[in-house]
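Single-letter residue listing:
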Amino acid sequence: MAAAKAFVVLISAAAGLQEGAPAAVGASASEGREPLAARAPLGRRRVRAAASRDPSGEQGREILRGSDGYPALNSTNATDNSVTISAWYGRLGNNIIQIVNAILFCQQEGYSNLILPPGRSNIQIFDLPGKITIDHRTLGNTLKCDWNHLAAHYFFGRCMAVNKRLLHRTVKQYLKPYLTSSIATACQKERARPFGGLTVHLRSGDTARTIGRTSSATQTAYASCSFFDKVVADHRFEEVRIITEPDHWHPCIGVLRSRLASMNVSLHLRNNTI
């Protein structure tokens, strides 16, 4: 009986980023040209993005600083002690990573306000404000990230120094309070009656349209359908819950319908809830 176990193939949003995440649309690593983030009109004085022309993104590179001692990044404003995410990049998972990276930067560098870009309603599981207040100076200088590179790409990217514990703690402290009421209710119901089977996220949508045809194909490669067969068989799951998108394009959906039925395993398919 697998009810005592709850294995989850995690949604990529919560699990972290793949190696080699792409640069944000409109960003330029070429000398003498500012990225879109630096050129976006935000109605406040900015420190020039001297550090934004760092195409390598090496971890732990020293942060370039202005005469006032504050980081000389295009997203910082020493006057109102704020950091701005100039634009959203990608979908929910990327957006969460953007916010978390920016929060960690604020904590380490002593900024007390994080300004979010417009379009916050598109992140439908949260009711986000325009500004998040940060408990700053809580990380010291222990976190070695290439903030120059991340800030130049709307804080989207991977810092190898951010482990799952720190990611979880930051999301819980700063994003969980903004969960919408419907999402909070759904989480409470799930907690009251936990699903004892295997939950699998089968992503399609944008990845289904680009897989094998773009330079990002290595990030969107699908696991073999037999992989899920093996997990179900090895751990003797009696139920499988698939979370996917409305297009149902993922090639393993039809395969698992057939195979799981032959294994006497119940299949639950969801695409309209979180």
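Residues numbered from 1 in each chain as written. Predicted model: local features only at pLDDT ≥ 70, side-chain atom pairs only at ≥ 80, totals over all residues. Heavy atoms only, no water.

For the protein, an unreviewed UniProt entry supplies the name O-fucosyltransferase family protein and the organism Prorocentrum cordatum.

End to end, helix α3 (residues 92-109) covers 26 Å across 18 residues, agreeing with the expected 26 Å (1.5 Å per residue, within 8%). Judged by how many residues are buried, α3 sits mostly within the fold: 16 of 18 residues are covered. Of the residues one or two after α3, Gly110 is the one with positive phi, at around 90°. (Helix = DSSP H or I, 4+ residues; strand = E, 2+ residues; numbered from the N terminus. Expected span 1.5 Å × (residues − 1). Buried < 20%, exposed > 50% of the residue type's maximum accessible area, 1.4 Å probe, protein only.)

With that out of the way, let us pick up the sheet that holds strand β4 (residues 113-115). Within the open sheet, the 4 strands sit side by side as β2-β3-β4-β5. Their pairing is mixed. In this open sheet, the two strands that pair with only one neighbour each are β2 (76-77) and β5 (131-133). Relative to strand β3 (residues 82-84), β2 runs antiparallel, the two sharing 2 bridges. Residue pairing in the sheet places Asn77 in a bridge with Ser82 of β3. Packing of α3 onto the sheet brings it into contact with β2, β3, β4 and β5, and relative to β4 it is tilted by some 150°. (Pairing = 2+ DSSP bridges. Contact = heavy atoms within 4.5 Å. Axes fitted to C-alpha atoms, helices over the stretch in contact; angles between N-to-C directions.)

All right, on to the state of the cysteines then. A complete count under the given rule lists 2 disulfides for this structure. At a sulfur-sulfur separation of 1.8 Å, the disulfide partner of Cys145 is Cys159. One quick way to see it: the torsion about the S-S bond of Cys145 and Cys159 is about -80°, and its sign makes the bridge left-handed. With Cys145 in the loop between β5 and α4 (147-152) and Cys159 in the loop between α4 and α5 (164-174), the pair connects residues that are 14 residues apart, well separated along the chain. For Cys145, a relative accessible area of 3% translates into the label buried. Here Cys225 is linked by a disulfide to Cys252, with a sulfur-sulfur distance of 2.1 Å. Negative torsions about the S-S bond denote left-handed disulfides, and the value of about -95° found for Cys225 with Cys252 makes this one left-handed. With Cys225 in helix α8 (residues 225-235) and Cys252 in helix α9 (residues 252-262), the pair connects residues that are 27 residues apart, well separated along the chain. Each member of the pair, Cys225 as well as Cys252, carries the same accessibility label: buried. In the protein, the bonded cysteines, taken in the order they occur along the sequence, pair up as 1-2, 3-4. (Disulfide = S-S within 2.5 Å.)

Attention shifts here to the nonpolar core. In this structure, Ile99 and Leu114 are the most contacted members of the largest nonpolar core, which totals 37 residues. Listed by contribution, the elements that provide at least two residues to this core are α3, α4 and α5. Judged by nonpolar contacts, the second largest core, of 15 residues, contains Val200, Leu202, Val231 and Ile253. (Core = buried A, V, L, I, M, F, W, Y, C linked by side-chain atoms within 4.5 Å.)

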